[in-house]
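Architecture at a glance
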Amino acid sequence: MFDFLKQYYPVFLEGTAQTILISIIGIIIGILLGLVFVMLRLSKIKVLSYIARVYIAIVRGTPAMIQVMLIYYTLSNVLAVPQIQFLGSGLDRVIPGSIALGINSGAYTAEIFRSGIISISKGQTEAGISLGLSERTTMFSIVLPQAIRNILPALGNEFISLVKESSVLFYIGVQEVTAEALGVGGTLYNFVPPLIVAAAIYFVLTFVLSQLMQIVEKRMGRKYTQSN
Amino acid sequence: MTSENIIEVKNLKKAYADNVVLEDISFTVKKSEKVVLIGPSGGGKSTLLRCLNKLEGDYSGNVIFEGEDLNGASTDKIRTLRQKMGMVFQQFNLFPNKTVLENITFAPIKLKVATSDEAKEHAYMLLEQVGLSEKANAYPQSLSGGQQQRVAIARALAMNPEVMLFDEPTSALDPEVVGDVLSVMEKLAADGMTMIIVTHEMSFAQNVADKVLFMDKGKIADSGNPKYIFEESENMRTKSFLSKVM
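Let us look at the structure shown here. (Residues numbered from 1 in each chain as written. Chains lettered and ligands numbered in written order. Predicted model: local features only at pLDDT ≥ 70, side-chain atom pairs only at ≥ 80, totals over all residues. Heavy atoms only, no water.)

Of the residues lining the interface, 27 residues belong to chain B; the matching set on chain A comes to 22 residues. For the pairing of chain B and chain A, the buried interface totals around 2200 Å² over both sides, and the portion due to carbon and sulfur atoms is 61%. Considering only the side of chain B, the residues that lose the most area to chain A are Phe-95, Asn-97 and Tyr-139 of chain B, jointly responsible for 26% of the buried surface there. At the boundary of chain B and chain A, one finds one salt bridge. With a shortest N-O distance of 2.7 Å, Glu-126 of chain A and Arg-50 of chain B are connected by a salt bridge. At the boundary of chain B with chain A, the tally comes to three residue pairs in polar contact (both at pLDDT 80 or more). For the side of chain B that touches chain A, the elements supplying multiple residues, two or more each, are α2 (75-83), β6 (85-88), α3 (100-110) and α5 (145-157) of chain B. Within the side of chain B that touches chain A, the residues separate by chemical class into 14 nonpolar, seven polar and six charged. (Contact = heavy atoms within 4.5 Å. Buried area = accessible area lost by both parts, 1.4 Å probe. Salt bridge = Lys/Arg side-chain N within 4 Å of Asp/Glu carboxyl O. Polar contact = N/O pair within 3.5 Å; in protein donor to acceptor, adjacent residues only side chain to side chain. Helix = DSSP H or I, 4+ residues; strand = E, 2+ residues; numbered from the N terminus. Nonpolar A, V, L, I, M, F, W, Y, C, P; charged D, E, K, R; others polar.)

In structure tokens:
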């Protein structure tokens, strides 16, 4: 059933590498946008908070596939990315595609950050500012590190979703795992075995990612209870 | 003791919408003076203390600290003034992600009032002062409440404040460790620190205070030296409060 792998494994490898690449870029952009938008969302300036709310509402309320296509077609009009081939796909598709993944993830990440920040007692902020620290220093050096520790499980979930959702980039012609599996299926006139391979690859990627997150969680948890 | 006023509160009034929580508050604190705020819960003691370093947002009136009015001061100015006012909270509020040593050295290093080495040296000295030298590398969660509060006092002292504000520092503690914290505070008082203390520990108030403010329903209902407040005052509310708590 999986004999085709002998011939097509390089295609799957390339697709896997592409999936990893777009996921990493997406996660990084997602974290950065999440941080920016949570600061806007929690800002005392109403307009900024409102902008963040609108962004989050739109991203959450529309399909990722449509967001990806909209961003791709818009960006490719304004942004002249050279059509260099990398891991089987043109960068003119990979770059807008990963940015779209990041923009999508940023909305969810912002909400996760917000849940973490509001879980930290107000006393921590008060302790910081009563020492004469600025609100910004207190937020970034005291509140946020504690918040991140609390939200690691939720962040892990978000990263895993993003790896799986990266398959939507197939619609804009990025040759990631799903696209490669469908391509192989087309030449074989049989889609089931290559799709099973694709599913297995996603499973391994997300499994490894969840293990990594657990290691990070343990490390950060151990620190707090050390007694000397 | 000089007669210089380090803090002067004039006609302070604070309200949340229509709910007035502080009204007609005026008093002065001299250098080295110990002022203790007592009174029933909800009387405005903690709110008043938190107005002094502007942890409470908007209020009317003036809080003049070393000649500068905090009310209406710029954010930067308020930050500088806060550095000179140490605050100790009921719930300690130590940073759980930092060791005891890091809790104490974080602000002085970050605010560049000391180099990393100076801050550490100072921190060890303060830890010795509060009797916790051996806990420098422990995380707060591994300490008892009394130990955490003593670290919190050391953390506030690390900025070399002119004034120390205590917001019910022993109210969240087990009875058997209250004494440890109070004795650190007594030592501090004996060293000449200017202190403003909200507390329910009446015998401590009697021993340490130069001036006692009895607060009730958002106003200073009675004030004077401990002998007056605890023994001589004919104020009905003071007498009724003291008869309940002593």
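What follows is about the packing of aromatic side chains. Aromatic rings in a pair are described by how distant their centres are and how their planes are angled relative to each other. For the structure shown, the criterion picks out eight aromatic pairs over all chains. Taking 5.2 Å as the distance between ring centres and 55 degrees as the angle between the ring planes, the aromatic pair formed by Phe-170 of chain A and Tyr-171 of chain A counts as tilted. Look at Tyr-171 of chain A and you get partly exposed, because its relative accessible area is 43%. Every member of this aromatic cluster is reached through a ring pair, and the members are Phe-2, Phe-4 and Phe-12 of chain A. Residue placement shows Lys-54 of chain B over the ring face of Tyr-59 of chain B; its charged tip is 5.3 Å from the ring centre. (Phe/Tyr/Trp six-rings, centres within 6.5 Å; stacked < 30°, edge-to-face > 60°. Buried < 20%, exposed > 50% of the residue type's maximum accessible area, 1.4 Å probe, protein only. Lys NZ or Arg CZ within 6 Å of the ring centre and 35° of its normal.)

Nothing here speaks to function; it is all geometry.
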